[in-house]
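Topology and contacts: notes
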Amino acid sequence: MNQFHLFPPDASTAAQQIDRIFFSLTALTFLVCAIVFLPIIFFSVKYRRNSKADRSNPRFESLLVESGWVVVPLLIFIGLFGWGTIVYFHLERPPRDALQVQVVAKQWMWKLQHAEGKQEINELHVPVGRNIALTMTSQDVIHSFFVPAFRVKQDVVPGKYTGEWFKPTRTGEYHLFCSQYCGTDHSRMIGRVVVMEPAEYERWLKTGESTQSITLAGERLFRERGCSGCHSVNSKFHAPLLEGFYGKSAPLETGELVAVNERYVRDSILLPGKEIAKGYQNIMPSYAGQLSEEEIMQLIAYLKSIGNQNPEEAGATPPSRPAEK
Ligand code: CUA
């Protein structure tokens, strides 16, 4: 830990992709520098004062040379831009088979929960070779989840969800930093990511007190906090049924269509009057201040589990309940 490293280790697929771009850009920059500065040095020696060089300066014109030095660098750098864009889009779209981890940041710690229910603070254990997707929010101010070895960094913002994903390629322990200044102890808001062999990870998941999965915890909240009282077939209140709802697009009273995603569910819980579903009334009480960020994430996980399992073909298939482990 106390050795000095010029570059962090590369421990994820993204790290390799980003490093390739970074080093190509660096090499290209050195090349361009050399093309500019080597002739400068050469000419300043050749045409130094009192040198006997020929200074007659004959006219020389070549369209090929002139257009060449405009077009070739342009193409190279546009190519680099295209390359960066492809990698960026790849990194912005979490793969669908990713293991889900919920992250709640607060001054000054990271609280993490695995789909199986296991919770951690300032530590994240993950299996090597698997895609890991984080859904993150903050309880107070803006933080940023930064793992240099994976080359991923994403702001964690109160009131909304942001995501980040990576696929670790080698086992080991890596630094986790908060990379947005978030108050007095910002510099101590650090932790570690432990990448383990899959079998070891499975064993680790089962250590400690037994936990219920995020989905089950969400289902329990759904009953205990009274959601099921209204959002059910035999409710005397007229509230939307939520089976098969998540992952679709839903019409609003205003005539707009809205995607039923984490953002929409979260807002519907905290600000129920904001987007009224078509055909319903604004009668739901707000749960702002009554549910923790973790609990909201659990409720969303539950709605997801009873939601539309094929968001691409919205409405085409009846919802099915995934098997609980
Ligand atoms: Cu949290 Cu800096």
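Below you will find a few notes about this structure.

The rules behind each value
- Residues numbered from 1 in each chain as written.
- Predicted model: local features only at pLDDT ≥ 70, side-chain atom pairs only at ≥ 80, totals over all residues.
- Heavy atoms only, no water.
- Core = buried A, V, L, I, M, F, W, Y, C linked by side-chain atoms within 4.5 Å.
- Buried < 20%, exposed > 50% of the residue type's maximum accessible area, 1.4 Å probe, protein only.
- Pairing = 2+ DSSP bridges.
- Helix = DSSP H or I, 4+ residues; strand = E, 2+ residues; numbered from the N terminus.
- Axes fitted to C-alpha atoms, helices over the stretch in contact; angles between N-to-C directions.
- Contact = heavy atoms within 4.5 Å.
- Parallel < 35°, antiparallel > 145°, perpendicular 65-115°, else oblique.
- Left-handed = near helix turned anticlockwise from the far one by under 90°.
- Salt bridge = Lys/Arg side-chain N within 4 Å of Asp/Glu carboxyl O.

Attention now moves to the nonpolar core. Formed by 32 residues in total, the largest nonpolar core has its most connected members in W110, L124, L134, F145 and F150. Counting 26 residues, the second largest nonpolar core, distinct from the first, contains C227, F245, Y264 and V265.

This next bit is on the pairing of strand β7 (residues 152–156). Here strand β6 (residues 143–147) runs beside β7; their pairing, made up of 5 bridges, is antiparallel. Paired with S144 across the bridge in β7 is D155. Following β6, the chain reverses through 4 residues before pairing antiparallel with β7; R151 in that reversal takes a positive phi of roughly 60°.

Within a sheet, neighbouring strands are paired by backbone hydrogen bonds and run either parallel or antiparallel to one another. Read from one edge to the other, the open sheet built from 5 strands follows the order β4-β10-β9-β6-β7, with strand pairing classed as mixed. One side of each edge strand has no neighbouring strand; the edge strands of this open sheet are β4 (123–127) and β7. Between one strand axis and the next, the sheet turns through 20° on average, direction left out of account. Its contacts with the sheet put helix α3 (residues 198–206) on β4 and β10 (191–196), and the angle it makes with β4 is roughly 135°.

Let's shift gears to the packing of helix α6 (residues 262–270) against helix α7 (residues 293–305). Viewed as axis vectors pointing N to C, α6 and α7 meet at an angle of 120°, and their least axial separation amounts to 10 Å. Classified by the angle between their axes, α6 and α7 sit oblique to one another. Crossing of α6 against α7: the hand is right-handed. Each of E262, V265, R266, I269 and L270 in α6 lies in contact with α7, whose residues at this interface are E293, I296, L299, I300, L303 and K304.

This part takes up the pattern of salt bridges. Scanning the entire structure with this criterion turns up 14 salt bridges. Its salt-bridge partner being R263, residue D267 comes within 2.8 Å of it at the nearest N-O pair. Of this pair, D267 and R263 both sit in helix α6, 4 residues apart, which is roughly one turn of the helix. Look at D267 and you get buried, because its relative accessible area is 10%. Note that R266 is salt-bridged to E293, the shortest N-O span being 2.7 Å. Highlighted residues: R266 in helix α6 and E293 in helix α7, separated in sequence by 27 residues. The same class applies to R266 as to E293, namely buried.

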